[in-house]
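# Coordinate analysis (summary)
These are the residues of each chain, in order.
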Amino acid sequence: MTLRPLGPDDLDLLVALDAATNPHPWSAKLWADALVRDHGIGAIDDDGVLAGFAISSRVLDEAELQLIAVSPAKQRQGLGRLLLKALLAELRQTGTTQLFLEVRAGNTAAQALYAGCGGEVSGRRKGYYPAPNGREDALLYTFTLNGAAQ
Ligand SMILES: CC(C)(COP(=O)(O)OP(=O)(O)OC[C@H]1O[C@@H](n2cnc3c(N)ncnc32)[C@H](O)[C@@H]1OP(=O)(O)O)[C@@H](O)C(=O)NCCC(=O)NCCS
């Protein structure tokens, strides 16, 4: 498995992997904009297939994780942790002090990943996400980086 930056040429791969992992996938237009504006890390397996990604944006010394996902066939093999730790290391190197993200209250798999990588719950947004039976809360997670190596 290798990690590499993602760019506009990866659009089709990302749209496909997002559709396979996200109950509310982004449109191709949103992805095209993100690949120009934001920072993407892709995990490429030994067959050259995109197995996972993390997309983040940065403003001054703060960053936000927009989306992280691993192909269903590759989940629970440490790839999500690899991607998130790689992003955190990059952010530390660039002097970023905090990473924020929002996650569905019911997404316990992602929450376990975030907690295991040092994220802490820092808030809750009531009814933030659309859900099949109404709305679902978002939990806010904060990673404090302080620019220090870990
Ligand atoms: C969340 C996600 C990225 C995790 O990726 P992954 O490669 O399966 O995660 P890892 O194998 O690196 O697991 C790291 C830790 O996360 C937690 N975790 C991951 N999947 C889990 C699950 N299904 N149930 C409970 N804990 C889970 C565990 O603590 C795990 O550590 P462990 O294996 O030592 O117990 C993956 O489940 C996914 O793509 N989900 C769909 C997209 C999504 O919900 N993204 C997050 C919101 S943007």
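Structural notes, computed from the coordinates. (Residues numbered from 1 in each chain as written. Predicted model: local features only at pLDDT ≥ 70, side-chain atom pairs only at ≥ 80, totals over all residues. Heavy atoms only, no water.)

### A few points about the overall build of the protein chain
Looking only at helices and strands, one finds four helices and seven strands in the protein chain. Secondary structure elements of the protein chain occur, N-terminal to C-terminal, as β-α-α-β-β-β-α-β-α-β-β. Each of the three principal axes of the protein chain carries a C-alpha extent, and together these read 45 × 40 × 30 Å. For the protein chain, the residues scored as buried account for 41% of the 150 residues in total. By sequence separation, contacts in the protein chain at least 24 residues apart represent 60% of the contacts at least 6 residues apart. (Helix = DSSP H or I, 4+ residues; strand = E, 2+ residues; numbered from the N terminus. Buried < 20%, exposed > 50% of the residue type's maximum accessible area, 1.4 Å probe, protein only. Contact = heavy atoms within 4.5 Å.)

### Re helix 4 (residues 108-116)
Those residues of helix 4 that fall on the buried side of the exposure criterion are Ala110, Gln111, Leu113 and Tyr114. Along helix 4, the residues classed as buried sweep out an arc of 160° about the axis, all on the same side. Across helix 4 from its buried face, at more than 90 degrees, point the exposed residues Thr108, Ala109, Ala112 and Gly116. Those residues of helix 4 that are buried are in contact with strand 4 (62-70), helix 3 (79-93), strand 5 (98-104) and strand 7 (134-144). (Arc of directions from axis to C-beta.)

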